[in-house]
Amino acid sequence: MVTLVPVQPAHRALWSGLVTDDPAAEVGILGVPFDGAASYRRGTAFAPARLRELTPHLSPCAEEGTPLHLRICDYGDVPVDLDWARYFATVEDRAVEVLRHPLAIFPGGDHSVTIPLMRAFQRTHRRPWGVLHLDAHPDLCDQFEGHRWSHACTARRSLDLPGLAPQHLVFVGLRSFVPEEWEFLEAHPEILYFTARQCHRQGIEAVARSVVKQLHGAEGVYLSLDIDVLDPAYAPGTGVPEGGGLTTRDLLELIRIVFQELPVRAMDVVEVAPPLDSNDITSFAALKVIYEAWGALQQKIG
Ligand SMILES: [Mn+2]
């Protein structure tokens, strides 16, 4: 009688088998499944779990064949608490721990989760530090729907933090503004931004080089990736899809250059909403960006 042994290829595992419990791992992951601050359709609370579920189906490899060998500690999610202030305080404290790794990845959640994550970043990084905010929206409202922690206030709250000078806040992909945001940008010409149209007309590589030049001198860079920076054709599963956005190809080129040239120490990936998605296109795009960021980081650290 033949005994059949089920075959489980080694890479058919969480994060393509790159996970470890070694505290010296190059990457730490912490999910923040909170979508209580979204102004329109919700669903981003499901993203951290969905992203993890898809990772056994990805090769531990960056595009162009680079095998990934960096190690990943996944600390799970910060469970949602109905007390918003207490929840953000918990997120901040746990993120401080995860930021001990050379690179921290934070799957959201709506874009408000960046508020406590950046607070953690400023507690753990020397000044000056910088922010690269990739988004269709500048999130520069002082308040939105009656609250200073709306997902439309994220960048405005980052400027409240000590150590972030306006010239070290850079936006890429903008294409939708409320008047208050436009006025704020006009009043602060030191804030560099590239609209999606500028990316289209100048080419993403030129934009990436300008970003690198602007953030040169920052001791650490926090990269906040709102998936709606992508055109809805490439990322339909998000609460507020805005036409005219970046292609996934352009985003990957930007990520590659930024990770190679700047000391990116944290990246959140927010506004992925699996219940609004189609065939997981948006979740897979988010994972592609994360894996390519790892490929670029691995190349840099050797
Ligand atoms: Mn946005």
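What counts and how
- Residues numbered from 1 in each chain as written.
- Predicted model: local features only at pLDDT ≥ 70, side-chain atom pairs only at ≥ 80, totals over all residues.
- Heavy atoms only, no water.
- Donors = N, O, S within 2.8 Å, 3.2 Å for Na, K, Ca; no water.
- Helix = DSSP H or I, 4+ residues; strand = E, 2+ residues; numbered from the N terminus.
- Buried < 20%, exposed > 50% of the residue type's maximum accessible area, 1.4 Å probe, protein only.
- Expected span 1.5 Å × (residues − 1).
- Contact = heavy atoms within 4.5 Å.
- Polar contact = N/O pair within 3.5 Å; in protein donor to acceptor, adjacent residues only side chain to side chain.
- Arc of directions from axis to C-beta.
- Pairing = 2+ DSSP bridges.
- Axes fitted to C-alpha atoms, helices over the stretch in contact; angles between N-to-C directions.

Student: Give me the coordination of the manganese ion: which residues, what numbers.
Tutor: Taken together, Asp135 (OD), His137 (ND1), Asp226 (OD), Asp228 (OD) and Asp228 (OD) make up the protein donors of the manganese ion, found 2.1 to 2.8 Å from the metal. All donors of the manganese ion come from a single chain, and their spacing in sequence reads D-x1-H-x88-D-x1-D. One end of the pair, aspartate 135, is in the loop between β4 (129-134) and α4 (154-158); the other, aspartate 228, is in the loop between β7 (220-226) and α8 (248-261), with 93 residues separating them in the sequence. For the pair formed by aspartate 135 and aspartate 228, the shared burial category is buried.

Student: Explain helix α2 (residues 84-98) residue by residue, including any values.
Tutor: The end-to-end C-alpha distance of α2 is 21 Å, a good match for the 21 Å that 15 residues give at a rise of 1.5 Å each. Every buried residue of α2 is accounted for by Tyr87, Phe88, Val91, Glu92, Ala95, Val96 and Val98. Next to the buried residues of α2 lie β1 (27-31), β2 (72-77), β3 (103-107) and α3 (114-124). The distance from a side-chain oxygen at the start of α2 to the backbone nitrogen of alanine 85 is 3.3 Å, and the residue carrying that oxygen is aspartate 83.

Student: Outline helix α1 (residues 47-54), listing residues and values.
Tutor: Taken together, the buried positions of α1 are Ala47, Pro48, Leu51, Arg52 and Leu54. Considered in projection along α1, the buried side chains sweep an arc of 165 degrees and stay on one side of the axis. Where α1 is buried, its residues contact β1, β2, β3 and α9 (281-301).

Student: A description of the sheet that holds β2 should follow, citing residues and the corresponding values.
Tutor: Ordered by their spatial adjacency, eight strands build an open sheet running β2-β1-β3-β8-β7-β4-β5-β6, and the pairing between neighbours is parallel. Edge positions in the open sheet fall to β2 and β6 (192-195), since each of these has one partner strand only. Averaged over all adjacent pairs, the angle separating strand axes in this sheet is 10 degrees, with direction ignored. Bridge count between β4 and β7: six bridges; the pairing is parallel.

Student: Go over unusual backbone geometry with me, naming the residues and quoting the values.
Tutor: A negative phi angle is the norm for most residues apart from glycine, just as the trans form is the norm for most peptide bonds. Each neighbour pair has its own omega, and for glycine 108 with glycine 109 the value is 10 degrees, a cis peptide bond. Examined against the element boundaries, glycine 109 turns out to sit in the loop between β3 and α3. Of note, the bond from arginine 127 into proline 128 is cis; its omega dihedral lies within 30 degrees of zero at -5 degrees. Residue position: proline 128 is located in the loop between α3 and β4. At glutamate 64, a residue that is not glycine, the phi angle is positive and equals roughly 70 degrees. Along the polypeptide, glutamate 64 turns up in the loop between α1 and β2.

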